[in-house]
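Notes for the structure review
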Amino acid sequence: MFYYKELKDWDNEKGYLTDSSLTVQERYRAYLDYFRIKYF
């Protein structure tokens, strides 16, 4: 839901979409660490 809202507001606040993408990436990395899956 946040992704669609941020796409809608892209012209006003360009940083929100980047922040959300980085947050999701960090969460995914935490899952990989938890299950001890190596990544680059």
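Report on the accompanying structure. Given the structure is predicted, the values throughout are model-derived calculations rather than measurements.

Helix and strand counts for the protein stand at two helices and zero strands. For the protein, the C-alpha atoms occupy an extent of roughly 40 × 20 × 10 Å along the three principal directions. A burial count over the protein gives 8% of its 40 residues as buried. Element-wise, carbon and sulfur atoms account for 59% of the exposed surface of the protein, whose accessible area totals about 4,300 Å².

Attention now goes to the environment of Lys 5. Mapped onto the secondary structure, Lys 5 falls in helix α1 (residues 2–8). Judged by relative accessible area, which is 46%, Lys 5 ranks as partly exposed. The spacing of Lys 5 and Leu 17 is 12 residues in sequence and 9.1 Å in space, taken between C-alpha atoms.

This part takes up the packing of aromatic side chains. The relation between two aromatic rings is expressed through the spacing of the ring centres and the mutual angle of the planes. Overall, the coordinates contain one aromatic pair when judged by the stated rule. Aromatic pair Tyr 34 and Phe 35: ring centres 4.9 Å apart, planes at 85 degrees, arrangement edge-to-face. Summarising the burial analysis for this pair, Tyr 34 and Phe 35 share the class exposed.

On to a nonpolar patch on the surface. A contiguous nonpolar surface patch, about 660 Å² in accessible area, is contributed by Tyr 28, Tyr 31, Tyr 34, Phe 35 and Ile 37. Structurally, Tyr 31 is set in helix α2 (residues 15–34).

Before going further, it helps to spend a moment on α2. With 20 residues, α2 extends 29 Å between its outermost C-alpha atoms, agreeing within 8% with the 28 Å of an ideal straight helix rising 1.5 Å per residue. Looking at the residues trailing α2, positive phi occurs at Arg 36, about 55 degrees.

Procedures and definitions
Residues numbered from 1 in each chain as written. Predicted model: local features only at pLDDT ≥ 70, side-chain atom pairs only at ≥ 80, totals over all residues. Heavy atoms only, no water. Helix = DSSP H or I, 4+ residues; strand = E, 2+ residues; numbered from the N terminus. Buried < 20%, exposed > 50% of the residue type's maximum accessible area, 1.4 Å probe, protein only. Areas by Shrake-Rupley, 256 points an atom, 1.4 Å probe, with all protein chains shown as cover. Phe/Tyr/Trp six-rings, centres within 6.5 Å; stacked < 30°, edge-to-face > 60°. Patch = residues over 30% accessible without salt bridge, like charges linked within 9 Å, V, L, I, M, F, W, Y side chains within 5 Å. Salt bridge = Lys/Arg side-chain N within 4 Å of Asp/Glu carboxyl O. Expected span 1.5 Å × (residues − 1).

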